[in-house]
Amino acid sequence: MRENSETNRQDLLIGRNAVAEAIRAGRQIDTLFVLRGEKNGAVGNVVALCRERGVTVKEVDRKKLDYMCGKENHQGVAAYVAAHEYAELEDIFALAQQRNEKPFIIVCDEIEDPHNLGAIIRTAELSGAHGIIIPKRRSASLSYAVGKTSAGAIEYVPVCRVASLPATLDLLKEKGCWIYGADMSGKDCRTVDFTGAVALVIGNEGKGLGRLVKEKCDFLVSLKQKGKINSLNASVAAGILMYEIMYQRESELGC
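Residues numbered from 1 in each chain as written. Predicted model: local features only at pLDDT ≥ 70, side-chain atom pairs only at ≥ 80, totals over all residues. Heavy atoms only, no water.

(A) Geometry of the nonpolar core. With 36 residues, the main nonpolar core has I106, I121, I132, L200 and I202 as its most contacted residues. Elements with a minimum of two residues in this core: β5 (104-108), α5 (114-126), β6 (131-135), β8 (178-188), β9 (198-202) and α9 (234-252). Examining the composition of this core, we find that 6 residues originate from one element, α9, more than from any other. Among residues more than four places away in sequence, those in contact with I132 are I92, I106, C108, I120, I121, A124, V157, P158, V159 and C160. (Core = buried A, V, L, I, M, F, W, Y, C linked by side-chain atoms within 4.5 Å. Buried < 20%, exposed > 50% of the residue type's maximum accessible area, 1.4 Å probe, protein only. Helix = DSSP H or I, 4+ residues; strand = E, 2+ residues; numbered from the N terminus. Contact = heavy atoms within 4.5 Å.)

Below, the structure written as structure tokens:
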């Protein structure tokens, strides 16, 4: 029988004791998976510990949990440990201040593919962005796959996870950021001024920007296209826009 590749993941903890001890030791749990209906006794204690720390808890059926854990005895509980500690929003602004630069932030609106998120983090580091913001739900998180795809950039780019992107965009506006949403209906990015404090929002791979998030954007920007298909991969589009922002900011400084 072919071994389940999930059991080889370096970020997967299996079983009640393994998860509970990791929490007590201060490890940052990314997502807790609990067998649907198992909320009492030891399992209930693990769930309570996670909820106290703001960890995302997902109830799944036995088939899903068995697949994740392969041959291991999961006792109704498994968890992904974050490949890197999440930052706070203030950490992103502190980094911008430390570099004496206007904030340059990437907001990922439900980017679900870990390879896309990892690639975005990698390009963000190379283009001088000060941080990434992702939602707690319906989004790839700082998993082993994301860390690997980022090629080490995860160590240098603060990634903040928030409960509500619309509310966070309001907060970014209060802190002086202009919100630019990547959308096919937007203006050609080459005609847009990105030299101020920028928060660039990249939408979901299939749906694009969510309605509420789109409404919060000050500007919608797009990439010129000459081919027959109607959209770019999310991480590729993000990369092109990040470099446009970087070039404009450098031009303003005479670099």
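(B) Quick peek at the sheet that holds β8. The sheet built from 6 strands is open, its strands ordered β7-β6-β5-β9-β8-β10 with parallel pairing. With one partner strand each, in any of the chains shown, β7 (159-162) and β10 (219-222) form the two edges of the open sheet. Across this sheet, the average inter-strand angle for adjacent strands is 35°, counted without regard to direction. Here 5 bridges tie β8 to β10, and the two strands are oriented parallel to one another. The residue of β10 that forms the bridge with A182 is V221. Of the strands in this sheet, β5, β8, β9 and β10 are in contact with α9, which crosses β9 at around 165°. (Pairing = 2+ DSSP bridges. Axes fitted to C-alpha atoms, helices over the stretch in contact; angles between N-to-C directions.)

(C) Representation of unusual backbone geometry. Despite not being glycine, N100 shows a phi value in the positive range, around 60°. Positionally, N100 belongs in the loop between α4 (89-98) and β5. Phi angles above zero are rare outside glycine, and E110 is one such case at about 60°. Following the sequence through the fold, E110 ends up in the loop between β5 and α5. When its relative accessible area of 16% is taken as the criterion, E110 is described as buried.

Bear in mind that shape data such as this cannot, by itself, settle questions of function.
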